[in-house]
Amino acid sequence: MSQNSTSEHLSTETAVPRETSSLPGGGPLVASLTLIAALHGRRISCDALLSGLPMENGVLTPALFSRAAKRAGLASKIIKSPLERINGLLCPAVLILGGSRACVVTSIDAAAEKASVIFPGEMDEGTAELSFETLRDIYTGYVIYLKPQFKFDERAGADGKRRKGHWFWETLATEKNIYRDVIIASLLSNIFAFAMPLFVMNVYNRVVPNNAVETLWVMAIGVFIMITADFALHMARGYLTDLAASRTNTRLSADMMEQVLSMRSEARPASVGSMVNSIQGFDSVRSFISSATVFAYVDLPFSIFFIIVIAIIAWPLAIPILIGGLLVLAEAVMVQKQMRELSETTNRASSLKNATMVESLVAIESVKTQNLESTVQNRWEKTVAHLEAANVKMRLLSSAVISWTQWINVTISIATMVIGVYLIRANAISMGSLIAAYMLSSRAMMPISRVAGLLMQYYSTSRSLSALDDIMNKETEHEEGVTFLSRPDIAGGIQFRDVGFAYPEQERPALSALNFTVKPGEHVAIVGPIGSGKSTLFKLILKLFRQTEGSILIDGTDSRQMDPAELRRAVGVVPQEVMLFYGTLRDNLVMGNPYITDQALLQAIQISGVDGIVKNHPKGFDMQVGERGANLSSGQRQAVAIARAVLKNPSLLLLDEPTSAMDSGSEERVRHNLKIFAKDKTLLLVTHRTALLDLTERVIVLDGGRIVADGPKEQILAALKEGAIGRAY
Ligand SMILES: Nc1ncnc2c1ncn2[C@@H]1O[C@H](COP(=O)(O)OP(=O)(O)OP(=O)(O)O)[C@@H](O)[C@H]1O
């Protein structure tokens, strides 16, 4: 990276104005929601309500309102209602107003045609009495009612917690009305299924012997109406189940992504590839709720009913289908143990396959430069071969059950016919009854065969569901029942009290007994050898991991009481490894903060040196940075990260080797600009570069996760030079 000249150094006056940090966040709907949550005694920050929601231009839309409300422990419903019909007992409620505004109605007097309203964030938030006439001009006709959800406390024990319901079944249950309609449709459809056999039986038994043409026509018209109704029912239930499945799928996919994004770092599975595999397993769970599956279960009880009807016609005719049905189910049950083992194997192998693919693609350059192609290829081929061997066995087993079922079906037909002919010879049944029984037996076998087929998928589906269960039950950063203190603005004071931390499943602590205080406005360098815990210290401040011992105070508040999203919004971070996202340079700079002004953007790129990239590229801000910022050099990526941190104009800056990949000219320029920018801010800087130490007045030396020195810069540097401090440096 080569950005030239110190002539572009910033003067103190050009630092980003402070106002950029108080940009509007979330819009009026979230302001109304925070207010109502507070009125219900549930204080929650905007960040906690919004973090991770797919907002449009950073604004909470009515469609997302219920998801945000749920985080505040409130159930909500949007209803179209004229002002006169708003239920005063359900206030406070939110009125959606024109021009993307909203207000909270605290009480309403329909008789006097008046309402008490608050416009959060717009005025001084006092209550205003407005007449319906005034409100009508701005009211869109939609009101959002909110109701606090019941909260179990610790005294309810684990049982109380469990009552929250299973993420999958509970979401499915929200479509219970559709499934009720599907069951009713199936019920009718199965009743209509009698029409055809009855018709055929009567034609053979009554119409043909008596030449009753009129009866034939009456029955034919009746049956025609019934099969037409059956056709309509089939279409309706197919459409309804698909609708329910697709709605559930959309909701569950959103929940899953939310869970993945808010999962605590400690709980994250070690392999991204295997986690992706578990998430992909949702497809097989999805098919569980699709039409075919639902119909099989709904229709199964009717098989028994059909068999009873066959037995009523002539009990010997029910024997083949009884035996056949049991044999089909028995075979499906018998192979279950094998299916379970095979689905375990395929699951593990496909996790490994995914993990290998993801890891190799992410590190493709290292794979090539270190000549690891054959090692990776070998691992890949072995995994694929193992997976395919298990897949072949699974497919063989499935097709064996399917062929067995078909064979049984044909055998049942033959047996029914043979027994039927003997019964006709013995004058026990008529020809019509035999045909009716034959038709009913094929209909009865249909759901049994389908259930047998589904049993073959049972273990892979339940395996996928339990893998997803693992993900959905992982601890998240916003745990239910935990209310954070809202501290949207922080001054940057940091205190570590006896802090210790070990990464999950690591015996050696990465940090031990850390005690230090950084005053607001102080500039401190954290130095130490590789692996001494410098980056880990930042991760703890940012709540990416939770310390295992001691406490961390930010501006005197225990960070455990602070909302992670709110805290991170207030901190400007440049990580050691900068990750950018596919999109333009501008997208990457303003991502997460759509209200950035052009002036702030220009100042940030000047401070960080991104202006050099913009000037030197024909597309300027619109250049594509590629996935993970692959189109930029490491130094350029660092410059973008510095610009992002500067754009936040935070009171606390955490810079982890921010210029390690830059040339000395670019580093010098960034150092100079940061010195001005960070003047009144708290700065914690991890660096191995002596030049950057100029930004700080104090140095903390870490070694083996412990503080081995802490004091004024000159003093510590002199001691380090003399080798008077531990093993560090
Ligand atoms: N995600 C992780 N899981 C397990 N151990 C980790 C993880 N990240 C770091 N460690 C371990 O924690 C210790 C401290 O690591 P850290 O990254 O904080 O060191 P550092 O001082 O920033 O090193 P460097 O100067 O190389 O950046 C190291 O021993 C490292 O092996």
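Calculation rules
Residues numbered from 1 in each chain as written. Predicted model: local features only at pLDDT ≥ 70, side-chain atom pairs only at ≥ 80, totals over all residues. Heavy atoms only, no water. Near = heavy atom within 4 Å. Polar contact = N/O pair within 3.5 Å; in protein donor to acceptor, adjacent residues only side chain to side chain. Areas by Shrake-Rupley, 256 points an atom, 1.4 Å probe, with all protein chains shown as cover. Nonpolar A, V, L, I, M, F, W, Y, C, P; charged D, E, K, R; others polar. Pairing = 2+ DSSP bridges. Helix = DSSP H or I, 4+ residues; strand = E, 2+ residues; numbered from the N terminus. Axes fitted to C-alpha atoms, helices over the stretch in contact; angles between N-to-C directions. Contact = heavy atoms within 4.5 Å. UniProt positions renumbered as here; feature names shortened; annotations may be inferred. Phe/Tyr/Trp six-rings, centres within 6.5 Å; stacked < 30°, edge-to-face > 60°. Lys NZ or Arg CZ within 6 Å of the ring centre and 35° of its normal. Core = buried A, V, L, I, M, F, W, Y, C linked by side-chain atoms within 4.5 Å. Buried < 20%, exposed > 50% of the residue type's maximum accessible area, 1.4 Å probe, protein only. Salt bridge = Lys/Arg side-chain N within 4 Å of Asp/Glu carboxyl O. 1 Å grid on protein atoms, 1.4 Å probe; cavity = no way out; pocket = protein on both sides within 12 Å on 5 of 7 lines; lining within 4 Å. Points joined across faces, edges and corners; volume = space filled by probe spheres on them.

### Focus on the site of the ligand
- For the ligand, the set of nearby residues contains 14 residues, the closest of which are Gly531, Lys534, Ser535, Thr536 and Gln576.
- Between Gly533 and the ligand, the recorded distance is 2.9 Å, taken from a backbone N or O atom to an oxygen atom.
- At 2.4 Å from an oxygen atom of the ligand is found a side-chain nitrogen or oxygen belonging to Thr536.
- Against a free-state accessible area of 630 Å², the protein chains account for coverage of 65% of the ligand.
- Taken together, the residues of the shell around the ligand break down into four nonpolar, eight polar and two charged.

### Side note on the sheet that holds strand E6 (residues 139-148)
- With antiparallel pairing, the six strands of this open sheet are ordered in space as E1-E6-E2-E3-E4-E5. With partners counted over all chains shown, the strands left at the sheet margins are strand E1 (74-80) and strand E5 (128-131), one partner each. Strand-to-strand twist of the sheet, defined as the mean angle between neighbouring strand axes without regard to direction, takes the value 35°.
- Note: strand E2 (residues 93-97) against E6, four bridges, orientation antiparallel. If you follow Leu97 over to E6, its bridge partner there is Tyr139.
- Across the sheet, helix H1 (residues 27-39) lies against E1, E2, strand E3 (101-109), strand E4 (114-118) and E6, angled at about 40° from E3, the strand it touches most.
- Across the face of the sheet, helix H3 (residues 62-71) comes into contact with E1, E2 and E6 while running at roughly 160° to E1.

### Things to note about the UniProt feature "transmembrane region" (unreviewed entry) in the protein
- When the UniProt feature table is mapped onto this chain numbering, "transmembrane region" (unreviewed entry) sits at residues 182-204, 216-236, 304-330 and 422-440.
- As annotated, residues 182-204 comprises 91% helix and 0% strand, and the C-alpha atoms at either end are separated by 34 Å.
- Across residues 422-440, helical content stands at 74% and strand content at 0%; the span's end C-alpha atoms are separated by 19 Å.

### Some points on the sheet that holds strand E10 (residues 549-554)
- What the four strands build is an open sheet, ordered E8-E7-E10-E11; its pairing is antiparallel. At either margin of the open sheet sits one strand with a lone partner, and together these are strand E8 (511-518) and strand E11 (557-558).
- Two strands pair when backbone bridges link them, and E10 and E11 are joined in this way by two bridges, in the antiparallel orientation. Its bridge partner lying in E11, Leu553 is registered against Asp558.
- On the sheet, helix H18 (residues 534-541) packs against strand E7 (494-501), E8 and E10 and is oriented at approximately 115° with respect to E7.

### Concerning the packing of aromatic side chains
- Evaluation of the coordinates by the stated rule reveals 10 aromatic pairs.
- Summarising the aromatic geometry, the rings of Phe496 and Phe516 are spaced 4.6 Å apart at their centres and angled 15° between planes, so their arrangement reads as stacked. Of this pair, Phe496 sits in strand E7 while Phe516 is found in strand E8, placing the two residues 20 residues apart along the sequence.
- Taken together, the ring pairs in this structure connect Trp167, Phe168 and Trp169 into an aromatic cluster.
- Against the face of Phe621 rests Arg586, its NZ or CZ located 4.8 Å from the ring centre.

### Some remarks on the environment of Asp680
- Looking at the element boundaries, Asp680 is found in the loop between helix H24 (664-677) and strand E14 (682-686).
- In this structure the C-alpha to C-alpha distance between Asp680 and His523, which are 157 residues apart in sequence, comes to 9.5 Å.

### Overview of the nonpolar core
- With 37 residues, the main nonpolar core has Leu585, Leu589, Val610, Leu632, Val640 and Leu674 as its most contacted residues.
- If we skip the residues at most four places from it in the chain, Val640 touches Leu580, Leu585, Leu589, Val610, Ile613 and Leu632.
- Grouped together as the second largest cluster of nonpolar side chains are 30 residues, Leu537, Ile541, Leu542 and Leu702 included.

### Remarks on the pattern of salt bridges
- Under the defined criterion, the tally for this structure stands at 22 salt bridges.
- Of the charged contacts, one joins Glu388 and Arg395 as a salt bridge, the two residues approaching to 3.5 Å between their closest N and O atoms.
- Between Arg671 and Asp694 there is a salt bridge whose closest N-O contact spans 2.2 Å. With Arg671 in helix H24 and Asp694 in the loop between E14 and strand E15 (698-703), this pair connects stretches of sequence that are 23 residues apart.

### A look at the layout of surface pockets
- Here the second largest pocket defines a volume of roughly 520 Å³.
- In this structure, the second largest pocket is lined by 24 residues; those nearest its centre are Ser284, Thr346, Asn391, Met394 and Ser460.
- Elements that contribute at least two residues to the lining of the second largest pocket include exactly helix H10 (272-280), helix H11 (282-288), helix H14 (336-362), helix H16 (373-425) and helix H17 (431-472).
- Ranked by residue count, the leading element in the lining of the second largest pocket is H17, at seven residues.
- Partitioned by chemical class, the residues of the lining of the second largest pocket number six nonpolar, 15 polar and three charged.

### Details of the side chain of Ser350
- Structurally, Ser350 is set in helix H14.
- Looking at Ser350, its side chain comes within polar contact range of the side chain of Asn277, at 3.0 Å.
- Setting aside residues no more than four positions away along its own chain, Ser350 makes contact with Asn277 and Leu387.

### What about the side chain of Asn588?
- Structurally, the position occupied by Asn588 is in helix H20 (residues 585-590).
- Given the relative accessible area of 0%, Asn588 is considered buried.
- Sequence-distant contacts of Asn588, that is, excluding residues within four places in its chain, are made with Leu580, Phe581, Gly583, Val625 and Arg644.

### Considering the environment of Ser559
- In this fold, Ser559 is placed in the loop between E11 and helix H19 (564-569).
- Taking the C-alpha atoms as reference points, Ser559 and Phe288, 271 residues apart in sequence, are found 43 Å from one another.
- Apart from the residues within four sequence positions on either side, Ser559 is in contact with Lys543, Ile552, Leu553 and Ile554.

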